[in-house]
Amino acid sequence: MGLRELKKQQTRQAISHQATRLFLRHGFDRVTIADVAAAAQVAKMTVTNYFPRKEDLALDLHEEFVAQPARTVAGRAPGESALAALRRAFLDAVARHDAVIGFSGPGFARMITESPALVARLREFHEEREHALTAVLAEEAGTSADDVLTRVASAQLIGVHRVLFEETLRRTLTGEDHDEIAAALTESAGNAFDLLEPSLGGYAVRPES
């Protein structure tokens with residue numbers, strides 16, 4: 001990474017850090033872009049250049065969140081189905097207490113759930129990741145992204161992720177620690193993916209080379 005890219009990354013991280021600090025202290029809806037700019041000691045335009053939407057200051061993992069399921073399926077092993085790949089990746093993320101699947105602290109979880117704007121933005125994230133997964137499935141199957149069966153499969157697979165993400169937030173708000181949440185999620189995820197096994201267990205299996 002060059003010096004210019006490093007400086008831009010550091011600026012972005014500083015803005016995100018200050019925004020999160022202010023949101024947790026005052027609540028997302030009470031903090032303005034101007035407040036974040038002042039705290040990060042940058043111009044308001046600099047904040048909006050890095051984060052065009054205020055919601056993305058709080059939900060800084062947007063790109064990874066949207067891309068993760070599609071990337072997992074695209075990189076699955078020969079003989080592995082889309083369902084099996086997503087199950088494996090999700091359980092790995094649970095073991096890591098990955099923030100992308102919802103692990104956070106009570107303050108952050110409360111900030112999200114108490115803000116209608118952030119709840120709505122998260123809904124958009126889930127829709128975007130569903131569209132991204134649909135595109136990968138359609139490309140590999142040689143179908144259109146408008147194909148009904150492809151869209152139904154994607155909706156079911158992403159639906160599991162959405163429900164488990166909400167479950168992680170719920171358990172965080174009730175005071176469970178990461179280890180307790182991980183144990184519960186491991187069981188819930190297993191049951192949820194098992195539920196899809198009869199219909200999607202043989203769907204989108206990568207051919208053996």
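My aim in this report is to walk through the structure given alongside it, one point at a time. Bear in mind the structure is a predicted one, so any value in this text is a computation, not a measurement. (Residues numbered from 1 in each chain as written. Predicted model: local features only at pLDDT ≥ 70, side-chain atom pairs only at ≥ 80, totals over all residues. Heavy atoms only, no water.)

Things to note about the nonpolar core
In step 1: Formed by 26 residues in total, the largest nonpolar core has its most connected members in Val73, Phe90, Leu133, Leu157 and Phe193.
In step 2: Residue assignment for this core shows that the elements contributing at least two residues are helix 5 (62-74), helix 6 (82-96), helix 8 (116-141), helix 9 (148-173) and helix 10 (178-200).
In step 3: Residues in contact with valine 73, not counting those within four places in the same chain, are Ala82, Leu86, Leu133, Val136, Leu137, Glu140 and Arg206.
In step 4: One finds Ile15, Phe51, Leu59 and Phe125 within the second-largest nonpolar core, a separate group that totals 25 residues. (Core = buried A, V, L, I, M, F, W, Y, C linked by side-chain atoms within 4.5 Å. Buried < 20%, exposed > 50% of the residue type's maximum accessible area, 1.4 Å probe, protein only. Helix = DSSP H or I, 4+ residues; strand = E, 2+ residues; numbered from the N terminus. Contact = heavy atoms within 4.5 Å.)

A short note on the packing of helix 5 against helix 8
When two helices pack together, you describe them by how their axes are tilted relative to each other and by the distance separating the axes.
In step 1: Look at helix 5 against helix 8: their axes get within 9 Å of each other, and the N-to-C directions meet at 25°. The pairing of helix 5 with helix 8 is recorded here as roughly parallel in orientation. For the pair helix 5 and helix 8, the sense of crossing is right-handed. Within the contact between the two elements, helix 5 uses His62, Phe65, Val66, Gln68, Pro69, Ala70, Val73 and Ala74 and helix 8 uses Arg121, Phe125, His126, Glu128, Arg129, Ala132, Leu133, Val136, Leu137 and Glu140.
In step 2: Along the lines of polarity and charge, the residues of the contact of helix 5 with helix 8 split into eleven nonpolar, three polar and four charged. (Axes fitted to C-alpha atoms, helices over the stretch in contact; angles between N-to-C directions. Parallel < 35°, antiparallel > 145°, perpendicular 65-115°, else oblique. Left-handed = near helix turned anticlockwise from the far one by under 90°. Nonpolar A, V, L, I, M, F, W, Y, C, P; charged D, E, K, R; others polar.)

Overview of helix 2 (residues 33-40)
In step 1: Regarding helix 2, the residues found buried are Ile33, Val36, Ala37 and Ala40. Looking straight down helix 2, one finds that the buried residues subtend no more than 100° of arc, so they occupy a single side.
In step 2: Tucked inside the fold, the buried residues of helix 2 contact helix 1 (3-26), helix 3 (44-50) and helix 4 (55-58).
In step 3: Once helix 2 ends, the next one or two residues include glutamine 41, with phi positive near 60°. (Arc of directions from axis to C-beta.)

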